[in-house]
Amino acid sequence: MKYFYTLLFLVCSFQLSQSQTITFTDLEFKNYLVNEICADLDNDTYVDSDVDSNNDGEIQVSEAQAVFLLEINQNCNATILDGLSEFSNLNEFRCINSNVINLNLEFITQIGDIEISDNNNLLSIDLSQFVVGTGNVYCNSNPQLETIDLHNLESVGRSLNFSQNGTSSNLLTDLDLSSLQSVNSYLFITYNNAVQPISIDLSSLTNVNQLLQISYNNLGSIDLSNLTTIHGLYFRYNTTITNLNLGNVISNDFYFTSSDDISIQGSSLTNINLQNLEYSVERIVIGNSVETMEVNLDALVEVDGDITLTYNSAEVNLPSLEDAGVTIAGDIQSISLPSLINGGVFVNTDNDDLNSIDLSSLTTGGVNLNNNQLTSLNLSNLVNATEISATNNELVSIDLSSLETASSIKLNNNQLNQFILNGVDLGLLNLAGNALSSLVLESVSLSSLYIFDSQLNELDLSTVLMNNLIINNDPSLTYLNLKNGQIINDLMFADLPNLVYICADNEEEDFVNSKLIEFDMTNCIVNYYCSFVPGGRYYSVEGLTNNDLDNNGCEVTDLPFPNMNYHITNGDIEATIISDETGGYSVSVQEGAHTITPLFENMEYYDINPSNLTVDFPGEVSPYSQNFCVTPNGIHNDLEVFIVPITDAIPGFNSEYRIVYRNTGTTILSGNVTFNYSFVNDYMEYVGSIPSETSVANNILSWDYMDLAPFEIREIITTFTLNTPTDSNFPLDSGDELNFEAI
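Residues numbered from 1 in each chain as written. Predicted model: local features only at pLDDT ≥ 70, side-chain atom pairs only at ≥ 80, totals over all residues. Heavy atoms only, no water.

Novice: Got a minute to help me understand the overall build of the protein chain in this structure?
Specialist: Scanning the protein chain for helices and strands turns up four helices and 67 strands. Compactness check: the protein chain gives a C-alpha radius of gyration of 44 Å against a globular reference of 27 Å for 743 residues, more than 25% above the reference. Seen through its C-alpha atoms, the protein chain measures out along the principal axes to roughly 155 × 70 × 45 Å. With 743 residues in all, the protein chain has 47% of them scored as buried. Sequence-distant contacts, at least 24 apart, represent 37% of the contacts inside the protein chain between residues at least 6 apart. Counting only carbon and sulfur atoms, one obtains 46% of the accessible surface of the protein chain, whose full area is about 32800 Å². If you average the places of the 13 positive and of the 97 negative side-chain charges in the protein chain, the two averages end up 4 Å apart. (Helix = DSSP H or I, 4+ residues; strand = E, 2+ residues; numbered from the N terminus. Rg over C-alpha atoms; globule rule 2.2 N^0.38 Å. Buried < 20%, exposed > 50% of the residue type's maximum accessible area, 1.4 Å probe, protein only. Contact = heavy atoms within 4.5 Å. Areas by Shrake-Rupley, 256 points an atom, 1.4 Å probe, with all protein chains shown as cover. Lys, Arg positive; Asp, Glu negative; His and termini not counted. Charge placed at Lys NZ, Arg CZ, Asp CG, Glu CD.)

Next comes the structure, spelled out in structure tokens:
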């Protein structure tokens, strides 16, 4: 019977506690719970009920325990929330725009979402037993906040946001999160500009799965000493703090698909320790616009993006960095990037006083080092570059010995005495403002070359393919070799008083002469025999070549032999020159013996008298005149025909072809030229030709010709319309092959 009465007592006690009415110190709190929509009773996350579910005007413990979400808002006039601890089954709690002064939530050990925001009178928050937040933890815009106890909080399932608190308080000095180990989403501590600097303890934090932002706080100190993995870090414009220790952070990496930058900026920081950071999936930005700062990034190897360092320091040292685009600004004297392989460097120093940089391992990327005090630049391993720019320095040497491609090289206004470039394909090469006495460019292809204020005696560009050349103010320059097998597009000369000889390709001689006239340089000789020695006198050899078709000796009435090739040599140098359409040739030479030998495509077809010419200056009178007489050696009927595309063959458009025919024999020819497109007639339609065809049959075009003299060249222009890729019978696609035959 004793046991029975005890059990009956326990059951009765339990039922009594469930039906017990809660006593409230502040009746405004009771009135709010009874009369306002402030609770979620069906766990659908919506506030859609009051708490007084039995409508008796009171709040029983059972009614409080039935609440999943409780919201205290501006409709609650209570300043004291005694009785709140009876809401023991909360999944979510909100205290927003309330009149509460002290918020005691020590009964909470675990909860989903909790938000305490915009409470203008709130002085303290007690969450001293709070261990696990499975959702979001928000505490924002509580201007009078003096204390908050979160020292037992270990993990947050989503985001933690502590912002704009204590902005009017003299007493908010500490944010103790010393037990917090992980945040599964964002961690924001921002805009907490308390009157006194606050101290933040995150000494147990090892991981934040999305952005960690601690910015715009009046921050005295912060402990992040055990943080190892981040997925974005913003530490921006916190005042007062001088040291930031992130020495255990190893990587800034993806979390699923989320990642962000590392951005550390502020005017008070003087020391940043990231000594173990090896990799960042996004860019790194570190800056201080006022103070001298030391940054330890000794282990950093790779950044998928750029790293921007903007601060004052005697040296920027990234000894392990291999892959990143690097931008450096501030007052910097020395930069050490000895391991950088890919990415490139842009430097913009405040006082233009950078005097040393190590880029000895760089192989790919751009280099921009303008306006500094560099005297040497070692880019010996650089192979592929975008822009290389080091203008307005004090460079006396630069090593580009491995370079293969670059969009531009700008080295104007330095102290270079010599410059060497070999086997490089690039755009602009600007060497203006250097007192060059030696310029060696071998097998270089470029768009433009600028040379100003040099001291070159001669300039050999015979292996340089270029479109544009500007040479200005070089009183020492006497000889320029432009003979490279390519016709230059534009030339500009100025202040070259001693330039007397330009060697050019035969086809560009007239163009170069026109430029000399344009720039009033009439004392300069242009020729295509490149035997000139600076300081020597020049002589000329000239004459005509005629075709003795009637085999009775050359007379003035005989036809000229146009476009004759001549080989000329002085024993050391040799070249080929070509006569003009009238059979005339002229070549300028210097002192010594020069041998000129006419050349034929078919040597057995012709005899020539004389077979060659040797002239020795100054023993002969200049100009020395020698004509050549070409006599047919037998009867040779030989017609050469070839086809040259004029436009690209694009399906659906017109395509033009040039048919060239030339008499390479010894007799005057008459006959016809045929063009056979029967192999592809289903894929193209004949439009017409200039001159018009004589006949067309079975997809073979024919043109008659009369009296084609030896070595005379004529041509025909033909036009066809090509099928489209959507042609129903014979579609023509890009990349298909079209075959023709011309006889």
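Novice: I would appreciate a short explanation of the layout of surface pockets in the present structure.
Specialist: Put simply, the largest pocket is a space of about 250 Å³. Counting residues per element, the ones that place at least two in the lining of the largest pocket are helix H4 (509-518), strand S49 (525-527) and strand S54 (584-590). Top element by residues in the lining of the largest pocket is S54. It accounts for four residues. By residue class, the composition of the lining of the largest pocket is five nonpolar, six polar and three charged. (1 Å grid on protein atoms, 1.4 Å probe; cavity = no way out; pocket = protein on both sides within 12 Å on 5 of 7 lines; lining within 4 Å. Points joined across faces, edges and corners; volume = space filled by probe spheres on them. Nonpolar A, V, L, I, M, F, W, Y, C, P; charged D, E, K, R; others polar.)

Novice: Can you walk me through the sheet that holds strand S67 (residues 741-742) in this structure?
Specialist: Pairing between the strands of a sheet is mediated by backbone hydrogen bonds and can be parallel or antiparallel. Judged by pairing direction, the sheet is antiparallel, and its four strands sit side by side in the order S64-S65-S62-S67 without closing on themselves. Single-partner strands in this sheet number two, and they are strand S64 (695-697) and S67. (Pairing = 2+ DSSP bridges.)

Novice: I tried to follow the sheet that holds strand S26 (residues 271-273) on my own but got confused; where do I start?
Specialist: With parallel pairing, three strands are arranged side by side in an open sheet as S23-S26-S29. Each end of this open sheet is capped by a strand with a single partner; those strands are strand S23 (243-245) and strand S29 (294-296). Pairwise comparison of adjacent strand axes, ignoring direction, gives a mean angle of 0° for this sheet. Across three bridges, S26 lies against S29 in parallel orientation. Bridge assignment links asparagine 271 to a residue of S29, and that residue is glutamate 294. (Axes fitted to C-alpha atoms, helices over the stretch in contact; angles between N-to-C directions.)

Novice: Can you walk me through the pairing of strand S15 (residues 187-190) in this structure?
Specialist: Each regular strand shows side chains that alternate between the opposite faces of the sheet. Here strand S12 (residues 160-163) runs beside S15; their pairing, made up of four bridges, is parallel. Residue pairing across strands places serine 163 opposite threonine 190, the latter belonging to S15. Both S15 and strand S18 (residues 212-215) contribute to a ladder of four bridges, which runs parallel. By the bridge assignment for S18, threonine 190 is matched with serine 215.

Novice: Hey, could you run me through H4 in this one?
Specialist: Each α-helix turn comprises 3.6 residues. Residues three or four places apart therefore point the same way. Within H4, burial applies to Glu509, Val512, Lys515 and Leu516. The arc that holds the buried residues of H4, viewed along the axis, is 125°, so those residues lie on one side. Those residues of H4 that are exposed and aimed more than 90 degrees away from the buried face are Asp510, Ile517 and Glu518. Buried residues along H4 sit in contact with strand S47 (490-494), strand S48 (501-503) and S49. Among the residues trailing H4, aspartate 520 stands out with phi positive, at a value near 55°. (Arc of directions from axis to C-beta.)

Novice: Teacher, can you tell me more about helix H2 (residues 27-35) here?
Specialist: Among the residues of H2, those classed as buried are Phe29, Lys30, Tyr32, Leu33 and Val34. Where H2 is buried, its residues meet strand S2 (69-72). Its side-chain oxygen 3.0 Å from the backbone nitrogen of glutamate 28, aspartate 26 forms the N-cap of H2. (Polar contact = N/O pair within 3.5 Å; in protein donor to acceptor, adjacent residues only side chain to side chain.)

Novice: Any chance you could explain empty space enclosed by the protein here in plain terms?
Specialist: The method is simple in principle: a probe with the dimensions of a water molecule rolls over the atoms, and the space it marks as empty is what remains. For the coordinates displayed, the defined rule picks out one cavity of 30 Å³ or more. Computed from the structure, the largest cavity encloses a volume of approximately 70 Å³. The set of elements that each furnish at least two residues to the lining of the largest cavity consists of strand S6 (113-117), strand S9 (137-140) and S12. Here the lining of the largest cavity is composed, by residue class, of 11 nonpolar, one polar and no charged.

Novice: Is there a simple way to explain the state of the cysteines in this structure?
Specialist: Working definition: the covalent bond between the sulfur atoms of two cysteines is a disulfide. By the definition in use, this model includes one disulfide. Here cysteine 554 engages in a disulfide with cysteine 629; their sulfurs sit 1.9 Å apart. Here the S-S torsion is close to 90°, and the disulfide linking cysteine 554 with cysteine 629 is therefore right-handed. Of this pair, cysteine 554 sits in the loop between strand S50 (538-547) and strand S51 (559-560) while cysteine 629 sits in strand S59 (residues 628-632), and the two are 75 residues apart along the sequence. A relative accessible area of 13% places cysteine 629 in the buried class. Cysteine 76 supplies the cysteine sulfur nearest to cysteine 95, a cysteine that is in no disulfide, at a spacing of 8.1 Å. Among the cysteines around cysteine 524, which has no disulfide bond, cysteine 503 carries the closest sulfur, lying 11 Å off. (Disulfide = S-S within 2.5 Å.)

Novice: What is the right way to read the nonpolar core from this model?
Specialist: Soluble, globular proteins show a tendency: their nonpolar side chains are buried together. Among the nonpolar cores identified, the biggest contains 153 residues, and Leu70, Phe93, Leu202, Ile264, Ile286, Phe419 and Leu421 are the most heavily contacted of them. Sorting elements by how many residues they give to this core places strand S30 (residues 302-317) first, with five residues. In contact with leucine 421, not counting residues within four places along its chain, are Leu400, Leu403, Ile409, Leu426, Leu429, Val440, Leu441, Glu442 and Val444. (Core = buried A, V, L, I, M, F, W, Y, C linked by side-chain atoms within 4.5 Å.)

Novice: Please clarify how the pattern of salt bridges should be interpreted in this entry.
Specialist: It is possible for side chains of opposite charge to pair when their charged atoms get near one another. Applying the stated criterion to the full structure yields 10 salt bridges. Put simply, arginine 94 and glutamate 71 hold a salt bridge, and the shortest N to O gap is 2.9 Å. Residue arginine 94 is found in strand S3 (residues 92-96), and its partner glutamate 71 is found in strand S2; the two are separated by 23 residues along the sequence. Between arginine 714 and glutamate 712 there is a salt bridge, and its shortest N-O distance comes to 3.0 Å. On the basis of relative accessible area, arginine 714 is assigned to the partly exposed category, the value being 23%. We classify glutamate 712 as partly exposed; its relative accessible area is 27%. (Salt bridge = Lys/Arg side-chain N within 4 Å of Asp/Glu carboxyl O.)

Keep in mind these numbers describe shape, not what the thing actually does.
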